[in-house]
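Okay, here's what each chain looks like letter by letter:
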Amino acid sequence: MEEAPKSLNFIEHIVEEDLKTGFPKEKLRFRFPPEPNGYLHIGHASSICLNFGLGLNYDSPVNLRFDDTNPAKEEQEYVDAIKEDVRWLGYQWDKECYASDYFQQLYDWAIMLINKGLAYVDSQSSEEMAKQKGTPTEPGTNSPFRNRSITENLELFDKMKQGDFEEGSHVLRAKIDMKSSNMLMRDPIIYRILHRAHHRTNTAWCIYPMYDWAHGESDYIEQVSHSFCTLEFAMHRELYDWFLDQVYDDGKVRPKQREFARRNFSHTVVSKRKLLQLVESGIVTGWDDPRMPTISGLRRRGYTAESIRNFVDTIGIAKRDNVVDVSLLEFHVREHLNKVSPRVMAVLNPVKVVITNYPEGQVEWLDAENNPEDEAAGNREVPFSRELFIEKEDFREEANKKFFRLKLGGEVRLKNGYIIKAESCTKDTDGNIMEIQCTYDPKSKSGSGTEESLRRVKGTLHWVSIEHAVPAEVRIYDRLFLDETPDAYKDRDFMEFINSNSLKTVTGYVEPSLKSSKVGDKFQFQRLGYFNIDLDSTPENMVFNKTVGLRDTWAKMQKKN
RNA sequence: UGGCCCAUGGUGUAAUUGGCAACACUCCGGUUUUUGGUACCGUCAUUCAAGGUUCGAGUCCUUGUGGGCCAACCA
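Per an unreviewed UniProt entry, chain A goes by Glutamine--tRNA ligase and derives from Saonia flava. As its UniProt record puts it under Sequence similarities (unreviewed entry), chain A is described as follows: "Belongs to the class-I aminoacyl-tRNA synthetase family."

Here it is, written out as structure tokens:
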């Protein structure tokens, strides 16, 4: 058996190339560097799987590093949530790191920059500096403070650190080139004053390093060999390298930044800012609302880590703009859940069926297969009685041959039970069907082996015994946005495209075997879809989330007509 | 007036680095089925444009076109 050589994405090619040109494999080291200012979303999954996948592939350490240089936005809650999500996705980091662990080293290096004449304290307002910065098409001009003496810079920077100055009054800038075609090289700010308590260092510092200064140096301190980030940081690479030049020692690993395209997904947004807006505006109940494209939202919705990993693997890594269709994600959950989730019966939109020739008061416990895809899943028993619920959509008084379900005078198989025939129905004054009267064939019991039981009828319905069914709250979700790319319009706000009907709550009736299940348990409600038990669920009031529906060719046929 | 990046079916990615353009999803059609599910089979459909190099270009070069990013004391 030869294995087909797995094709590599361009990032993997880069690593392979480095190995081929002499980079020692044992020095390979990667990192996943989230800022703890929000929850991880499905887009982050790509980065997580890329970095940790590389680690697994090459047997290299991968650090989890929190990029916590802005105490105004970052919180411990996010740190905890991020760690949980990465673990849940199935990955183990080598070291848990924080950029804030390096504040002292970063500060010492900043002093060195000043001493080398490569950094200065600027005492202008941000507006003044913005003016001097120029535009992408026009060069900037030098700050009047650009040529302060080293001693003065040292003195001022020390006072910044001591907390002698107000926020915004001074910054430390790198002295590079105000005329560079790269705006980031026009004397970027490396430290700003922030009188804020930090989630880890508390009030020890009142100056905080900017991203560009902190990130590359953190990579260097951790001896990360490959630092992968999204495309919008491509212009930062020049600065990343410039900063590295100032501190780099021969013999150490020099980190290499490379960029890949972030993933966009249809009918949703993946930007922590926008997700935060959904949370704060109350459109969703929280970061883990099952409609959110966050890892925690997907987990609560019933997605499995395996399905997310498979999905990420399928969409790959590249550099071009993209919008990944959610149907691909849905395909992967169905694929996994189909293999692992037990089948049960639940009726979500009930109508009563009375089997008129079934003895009153009789109950039979019928044998039911838990999962046709997995023999080891075993069997269970479901109660059958004279009065049942079936789905309203499964009955019509009259219908053509294409309708395989129950109609007056027609027969249908009740899953795991008997063949029944609809004889009549009763309606209320508005014409709504209140009850369907059926007869059953006592010899047609599933699995009994009788001639009658082997009869083939076109339709098979799921059902529950009214007397035994457990009422449950069922939350049915639709996409959060009506537009495919809600945040792709320059002249319209993404909030305009909110789907106001993204959550529908119904009372469903589930078979009694579900009473013993726990939060997070996943099931296939036969003929309906995959559902799991929400964390709001209690033994008295069970709550289910619809993860995703089954593929529904019947619904497609309906749509076409 | 600038700089950087990108362009392969409807969608997302491949193509042994210059050698027969393929995989998955979607769509459509069919077979099987006590889930209109699953499984299986099949159909449609692809290299942005024009030049150039070459025996040979999706891949290299030039120009053009289209798109993205760059002017937070955010990351």
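### Quick notes on the overall build of chain A
Scanning chain A from terminus to terminus reveals 13 helices and 27 strands. Taking 561 residues into account, the globule formula puts the C-alpha radius of gyration at 24 Å, and chain A, at 31 Å, lies well above it. Oriented by its inertia axes, the alpha-carbon framework of chain A measures out at about 100 × 60 × 40 Å. Counting across all 561 residues of chain A, residues that qualify as buried make up 51%.

### Topic: a positive patch on the surface
On the surface, a cluster of positive charge is contributed by Lys402, Arg479, Arg551, Lys556, Lys559 and Lys560. Residue position: Lys559 is located in helix 13 (residues 553–560). On the accessibility criterion, Lys559 (75% relative accessible area) is exposed.

### With respect to the sheet that holds strand 3 (residues 96–98)
Read across the open sheet, the three strands follow the order 1-2-3; overall the sheet is parallel. With partners counted over all chains shown, the strands left at the sheet margins are strand 1 (30–32) and strand 3, one partner each. Going across the sheet, the axis of each strand differs from the next one's by a mean of 35°, ignoring polarity. Pairing between strand 1 and strand 2 (residues 62–66): three bridges, direction parallel. The residue bridging Phe30 from the neighbouring strand is Val62, located in strand 2. Of the strands in this sheet, strand 1 and strand 2 touch helix 2 (residues 42–58), which is tilted by about 155° from strand 1.

### A few points about helix 7 (residues 211–221)
Burial of helix 7 is extensive: nine of the eleven residues sit out of reach of the surface. All of the buried residues in helix 7 are Asp212, Trp213, Ala214, His215, Gly216, Glu217, Ser218, Asp219 and Tyr220. Positive phi appears at Gln223, one or two residues downstream of helix 7, with a value of about 60°.

### Describing the packing of aromatic side chains
Taken as a whole, this structure holds 28 aromatic pairs when the rule is applied. Their ring planes at 75° and their centres at 5.3 Å tell us that Tyr358 and Phe384 sit as a pair that is edge-to-face. Of this pair, Tyr358 sits in the loop between strand 12 (350–355) and strand 13 (364–369) while Phe384 sits in strand 14 (residues 379–384), and the two are 26 residues apart along the sequence. The class for Tyr358 is buried, based on a relative accessible area of 1%. Ring-pair connections join several aromatic residues into one group, and the members of that group are Phe103, Tyr107, Phe157, Tyr191, Trp205 and Tyr208. Its end group placed over the ring of Trp88, Arg299 keeps NZ or CZ at 5.1 Å from the ring centre.

Criteria and thresholds
- Residues numbered from 1 in each chain as written.
- Chains lettered and ligands numbered in written order.
- Predicted model: local features only at pLDDT ≥ 70, side-chain atom pairs only at ≥ 80, totals over all residues.
- Heavy atoms only, no water.
- UniProt positions renumbered as here; feature names shortened; annotations may be inferred.
- Helix = DSSP H or I, 4+ residues; strand = E, 2+ residues; numbered from the N terminus.
- Rg over C-alpha atoms; globule rule 2.2 N^0.38 Å.
- Buried < 20%, exposed > 50% of the residue type's maximum accessible area, 1.4 Å probe, protein only.
- Patch = residues over 30% accessible without salt bridge, like charges linked within 9 Å, V, L, I, M, F, W, Y side chains within 5 Å.
- Areas by Shrake-Rupley, 256 points an atom, 1.4 Å probe, with all protein chains shown as cover.
- Salt bridge = Lys/Arg side-chain N within 4 Å of Asp/Glu carboxyl O.
- Lys, Arg positive; Asp, Glu negative; His and termini not counted.
- Charge placed at Lys NZ, Arg CZ, Asp CG, Glu CD.
- Pairing = 2+ DSSP bridges.
- Axes fitted to C-alpha atoms, helices over the stretch in contact; angles between N-to-C directions.
- Contact = heavy atoms within 4.5 Å.
- Phe/Tyr/Trp six-rings, centres within 6.5 Å; stacked < 30°, edge-to-face > 60°.
- Lys NZ or Arg CZ within 6 Å of the ring centre and 35° of its normal.

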